[in-house]
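Next come the chains, spelled out residue by residue.
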Amino acid sequence: MVAARGKRSRHPPATRPHPAPPPQLTALLADLASAVSLALRFASVRDRLLRPSQALALDPLLLAAARAVSRLLALLPLHLQTLTLTSLSLSPPAPPPSSLPSSWFLRLLSSPSSSLQDTAWRDAFRMSRPAFFTLLNSLALSDPAAASSSSLALPADHKLGAALYRLAHAAPARAVARRFGLPSPAVAARAFYEVCHAVADRLAALLDLAAPDRISRAVPGFCALSLPNCCGALGYARFGGAAVTAQALVDAEGRFLDVSVGWDPSAPPPEILPRTKLYGSQSLVLSNAPQGELIGGSVPRYFLAPACCPLLPWLVTPYRDVGSKADMSSKERIFNNVHAHGAQLVKKAFGRVRARWQLLGECWKGDCQEALPYVVVAGCLLHNFLVKLGEPLPDDGVPVDAGDDVFVDFEGENDREGERIRDVLAVHLSLVSRTQRQSVSNL
């Protein structure tokens, strides 16, 4: 005898409804959504009250908060979602009415001139408003004759502003596009590289070492440092997170006289130097100049160079093996002290470029590294341009990885004529030091 089977139900078992969230949680989420919405609106409409560093730090946090709140609200029942989202927006606000400019940059342009506005320009672009527009005229970004077929159809001031803002603050292309009202991050990136190429092309004369009187004008500044007939200080630095090495020559005022960028960061300076334009042109640049007659011999025009370089007749490096226990009054020790002061000019110039253009301190990887040399050269040219206009110099105390600018000392043979010239300079500086000590003791 077989037991009868029970009939199966044709209806699936009823699912239990999700319990409604407590009213307190719903109210809390509504308050949180409201707070995030108001913060987004403030950051979009009242952004001129924020410094660029504050705005760039706040934007991603607010957008992340908006996404997180949106995900939380999505867990609520549909009728509560609708209720909670009423009159709220967790996206950046739409452009304001036509009575108010639609982007941060247009609001900055239209604001009345004041000390507060000038501070905003310096914060945003690392230069004053007059310097910005002088640069704009010099680059001729809106000149049809200078434009290429790939040039962006954007207002010239927007191109320049977007490029300087990205260069000064290492701002992501997305943030630049939003603050300048550009169509997309890709457009912001293209504007940046277009301006960098324009700077390298239109301001190239500021790095022409062979220009008339360029070298002779550098001599008096080094004479004031007790370095007669010196025409510049040579140095090296790594940029883009140690992606490339740069070689630069600067004068006593910290202006760049020559810049060569794009060298393998692992290559030592003795391998880089002979391959640079400076090495090939130094004989023409320094020739036909009067010799400096000092006690002990004559001294031709020369450049200071760090210990990582070879000693040459035109490239004077410090003495080696002059330790801390050496006689403080020895001519070698005195020479090295003065030489170190001159070498600081290059380090300060590199430091000021990094301080003004923070993008150069960021890590550059992949295909972006190909453009880095142009960007570094553009940063140095802009530095010279602003020095020429008398713009204030930035603080050169930007922290740099201690290994970025460390190069191994040169251990090869010294040039004999280079040794003679260095010895003559060392005797001269020793006599200067002795005279100064005697003058102090007679007071």
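Preceding this section is the structure that the text describes.
Below, the structure is looked at part by part.

### Some points on unusual backbone geometry
Point 1. A positive phi angle, near 60 degrees, is found at Arg126, a position not held by glycine.
Point 2. With respect to the element layout, Arg126 can be found in the loop between helix H5 (115–125) and helix H6 (129–139).
Point 3. Residue Ala170 is not a glycine yet carries a positive backbone phi of 55 degrees.
Point 4. Tracing the backbone shows Ala170 in the loop between helix H7 (156–169) and helix H8 (173–180).

### Considering empty space enclosed by the protein
Point 1. Applying the stated rule across the entire model yields two cavities of 30 Å³ or more.
Point 2. Reported here for the largest cavity is a volume of approximately 60 Å³.
Point 3. Taken together, Ala307, Cys309, Leu311, Thr317, Pro318, Arg320, Phe410, Asn414 and Arg422 make up the lining of the largest cavity.
Point 4. Residues of the lining of the largest cavity, tallied by class, amount to five nonpolar, two polar and two charged.
Point 5. Along its surface, the second largest cavity is lined by Leu160, Ala163, Leu164, Leu167, Phe192, Val195, Cys196, Val199, Ala378 and Leu382.
Point 6. Mapped by element, the contributors of at least two residues to the lining of the second largest cavity are H7, helix H9 (185–202) and helix H14 (372–388).
Point 7. Across the lining of the second largest cavity, the residue classes tally to 10 nonpolar, no polar and no charged.

### Here we look at the packing of aromatic side chains
Point 1. Counting across every chain of the model gives 21 aromatic pairs.
Point 2. Centroid distance Trp104 to Tyr165: 5.5 Å. Interplanar angle 55 degrees. Geometry classified as tilted. With Trp104 in helix H4 (residues 104–110) and Tyr165 in helix H7, this residue pair connects regions lying 61 residues apart in the sequence.
Point 3. The class of Trp104 is buried, set by a relative accessible area of 5%.
Point 4. Ring centres 5.2 Å apart and planes at 75 degrees place the aromatic pair Phe132 and Phe133 in the edge-to-face group.
Point 5. Three or more aromatic residues joined by ring pairs form one cluster here, namely Trp104, Phe105, Trp121, Phe125, Phe132, Phe133, Tyr165 and Phe180.
Point 6. Against the face of Trp104 rests Arg179, its NZ or CZ located 4.5 Å from the ring centre.
Point 7. In this structure, Arg354 is placed above the aromatic ring of Phe239, and the distance from its NZ or CZ to the ring centre is 4.7 Å.

### Things to note about the environment of Lys159
Point 1. Note that Lys159 resides in helix H7.
Point 2. Using a relative accessible area of 3% as the deciding quantity, one classes Lys159 as buried.
Point 3. Measuring from C-alpha to C-alpha, the distance between Lys159 and Ser142 comes to 9.7 Å, with 17 residues separating the pair along the chain.

Rules and cut-offs
Residues numbered from 1 in each chain as written. Predicted model: local features only at pLDDT ≥ 70, side-chain atom pairs only at ≥ 80, totals over all residues. Heavy atoms only, no water. Helix = DSSP H or I, 4+ residues; strand = E, 2+ residues; numbered from the N terminus. 1 Å grid on protein atoms, 1.4 Å probe; cavity = no way out; pocket = protein on both sides within 12 Å on 5 of 7 lines; lining within 4 Å. Points joined across faces, edges and corners; volume = space filled by probe spheres on them. Nonpolar A, V, L, I, M, F, W, Y, C, P; charged D, E, K, R; others polar. Phe/Tyr/Trp six-rings, centres within 6.5 Å; stacked < 30°, edge-to-face > 60°. Buried < 20%, exposed > 50% of the residue type's maximum accessible area, 1.4 Å probe, protein only. Lys NZ or Arg CZ within 6 Å of the ring centre and 35° of its normal.

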